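Secondary and tertiary structure notes
Each chain is listed here by its residues.
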Protein chains: 2
Amino acid sequence: MSRPRAKLIDYFPGCPVEATLSFLDGKWKGVILHHLLEEGTLRFNELRRRIPAVTQRMLTKQLRELEEAGLVSRTVHAVVPPRVDYDLTPLGKTLEPVISALRLWGSEHVMCGDDQVSAVMPPQQKVRSAA
Amino acid sequence: MSRPRAKLIDYFPGCPVEATLSFLDGKWKGVILHHLLEEGTLRFNELRRRIPAVTQRMLTKQLRELEEAGLVSRTVHAVVPPRVDYDLTPLGKTLEPVISALRLWGSEHVMCGDDQVSAVMPPQQKVRSAA
DNA sequence: CAGGATCCAGTTTGATACTG
DNA sequence: CAGTATCAAACTGGATCCTG
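Chain A has the name Transcriptional regulator in an unreviewed UniProt entry, where Pseudorhizobium pelagicum is given as its organism.

Here it is in structure tokens:
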């Protein structure tokens, strides 16, 4: 859900849990933030490579929403070929404990595709890398 | 998003962050878990009262999904009038650190409707309690 | 390289009305 | 009380094609 929920750090009708989740909403914000937290500044295609299942349209969209929410900054360099850097804002960085908690729970309770826990489960049949 | 993403604790194509978020997906799972963590067992209408903006249809649906995911247990008491108790499973309780992180970030960075931070912001215009 | 613009199917959600 | 059923609106995300 990325509807009229919280857009900036203003008023959100509901509880803090839902408020926070509304910022992470959409299919890819979590991973995007995760990668920016881990690796710092990344270019558009660098992000794409790290999230193989995302389409450009969606990556663009989610990045725009993160930007609007004040969590991610977008820097366009006037060079050719074009170069656009994405980075976390100071506010975005405050989400680190949240992303960490999400990652920890996930790695402890779910068998994930791109995680270092991959040793536990043999890649039996391939479970669809995209949706 | 509550599509084919993770349903049980089985394989999830993607990173742990996204895997965890997929369990919290949908508009109300976060709040539901939050209330069950804070108050323990709750009946259907007790939950409704704590989440004024949710419709019965949605509350039912999200509870069913949480049940299917193994995070919430549903106990039907054969009495009249009907009584159904919802509670966290042991697995559901392991989400506590996650929900805490979400709640903490939300209460620090967003002005929420039903939070104890309400003193900070005077209820100026009423911002729509539902969507 | 980094998108923008369309088209479109699949889902999610809300509103309402009804029931054991 | 605790739902179920139905209709319809809203939004999502994927696929394609195009551009400075």
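After that view, the rundown keeps rolling.
Looking only at helices and strands, one finds six helices and five strands in chain A. The secondary structure elements of chain A, listed N-terminal to C-terminal, are β-α-α-β-α-α-β-β-α-α-β. Per-residue burial over chain A gives 43% buried out of 131 residues. Sequence-distant contacts, at least 24 apart, represent 49% of the contacts inside chain A between residues at least 6 apart. Of the roughly 6800 Å² of accessible surface on chain A, a fraction of 55% belongs to carbon and sulfur atoms.

In this section: the environment of Lys29 of chain B. Residue and element names in this part refer to chain B. Mapped onto the elements, Lys29 comes out in helix 2 (residues 29–39). Residue classification places Lys29 among the buried positions, given a relative accessible area of 3%. Along the backbone, Lys29 and Glu65 are 36 residues apart, and their C-alpha atoms lie at a distance of 8.8 Å. Polar side-chain contacts of Lys29 include one of 2.3 Å to the backbone oxygen of Asp25.

With that settled, the discussion passes to helix 1 (residues 16–23) of chain B. With eight of eight residues buried, helix 1 of chain B lies mostly within the body of the structure. Listed as buried for helix 1 of chain B are Pro16, Val17, Glu18, Ala19, Thr20, Leu21, Ser22 and Phe23 of chain B.

Residues and elements named next belong to chain B. With respect to topology, three strands assemble into an open sheet ordered 2-4-3, the strand pairing being antiparallel. Each having just a single partner strand, strand 2 (42–43) and strand 3 (72–77) make up the two edges of the open sheet. Direction of pairing for strand 3 relative to strand 4 (residues 83–88): antiparallel, over a ladder of six bridges. For Val72, the partnering residue across the bridge sits in strand 4 and is Leu88. Along the sheet, helix 2 makes contact with strand 2, strand 3 and strand 4, crossing strand 4 at roughly 90°.

All names here are of chain B. Running from N to C, helix 2 and helix 6 (residues 96–109) cross one another at 110°; their axes reach a closest spacing of 10 Å. Classified by the angle their axes make, helix 2 and helix 6 are roughly perpendicular. The chirality of how helix 2 crosses helix 6 is left-handed. Packed against helix 2, whose contacting residues are Gly30, Leu33, His34, Leu37 and Glu38, the element helix 6 presents Glu96, Ile99 and Arg103 at the interface.

All names here are of chain A. For chain A, the average pLDDT comes to 83, and 79% of its residues sit at 70 or higher. Below pLDDT 50 for its whole length, residues 1–7 participates in 22 contacts with residues either more than four positions away or in separate chains. Overall, residues 117–131 carries pLDDT values under 50, and its contacts beyond four positions in sequence, including any with other chains, amount to 11 contacts.

Moving on, we come to the packing of aromatic side chains. In this structure the tally under the stated criterion is two aromatic pairs over all chains. The interplanar angle of 70° and the centroid separation of 5.4 Å between the aromatic rings of Phe23 of chain A and Trp105 of chain B together place this pair among those described as edge-to-face. A residue pair is termed interchain when its members come from two chains, as with Phe23 of chain A in helix 1 (residues 16–23) and Trp105 of chain B in helix 6. The same class applies to Phe23 of chain A and to Trp105 of chain B, which are both buried.

Here strand 2 of chain B runs beside strand 4 of chain B; their pairing, made up of two bridges, is antiparallel. Of the residues in strand 4 of chain B, the one forming a bridge with Arg43 of chain B is Asp85 of chain B.

Residue and element names in this part refer to chain B. Along the chain, Leu63 falls in helix 4 (residues 56–68). A residue is classified by how much of its surface remains accessible, and Leu63, at 0% relative accessible area, is buried. A sequence separation of 12 residues divides Leu63 from Ile51, and the C-alpha atoms of the two residues are 13 Å apart. Contacts of Leu63, omitting those with residues within four sequence positions, involve Ile32, Phe44, Leu47 and Tyr86.

The next thing to look at is unusual backbone geometry. Negative phi characterises most residues that are not glycine, and trans characterises most peptide bonds. Residues Val80 of chain A and Pro81 of chain A are joined by a peptide bond in cis, for which omega reads 5°. Summarising the element assignment, Pro81 of chain A is placed in the loop between strand 3 (72–77) and strand 4 (83–88).

Definitions and cut-offs
- Residues numbered from 1 in each chain as written.
- Chains lettered and ligands numbered in written order.
- Predicted model: local features only at pLDDT ≥ 70, side-chain atom pairs only at ≥ 80, totals over all residues.
- Heavy atoms only, no water.
- Helix = DSSP H or I, 4+ residues; strand = E, 2+ residues; numbered from the N terminus.
- Buried < 20%, exposed > 50% of the residue type's maximum accessible area, 1.4 Å probe, protein only.
- Contact = heavy atoms within 4.5 Å.
- Areas by Shrake-Rupley, 256 points an atom, 1.4 Å probe, with all protein chains shown as cover.
- Polar contact = N/O pair within 3.5 Å; in protein donor to acceptor, adjacent residues only side chain to side chain.
- Pairing = 2+ DSSP bridges.
- Axes fitted to C-alpha atoms, helices over the stretch in contact; angles between N-to-C directions.
- Parallel < 35°, antiparallel > 145°, perpendicular 65-115°, else oblique.
- Left-handed = near helix turned anticlockwise from the far one by under 90°.
- pLDDT = per-residue confidence, 0-100.
- Phe/Tyr/Trp six-rings, centres within 6.5 Å; stacked < 30°, edge-to-face > 60°.

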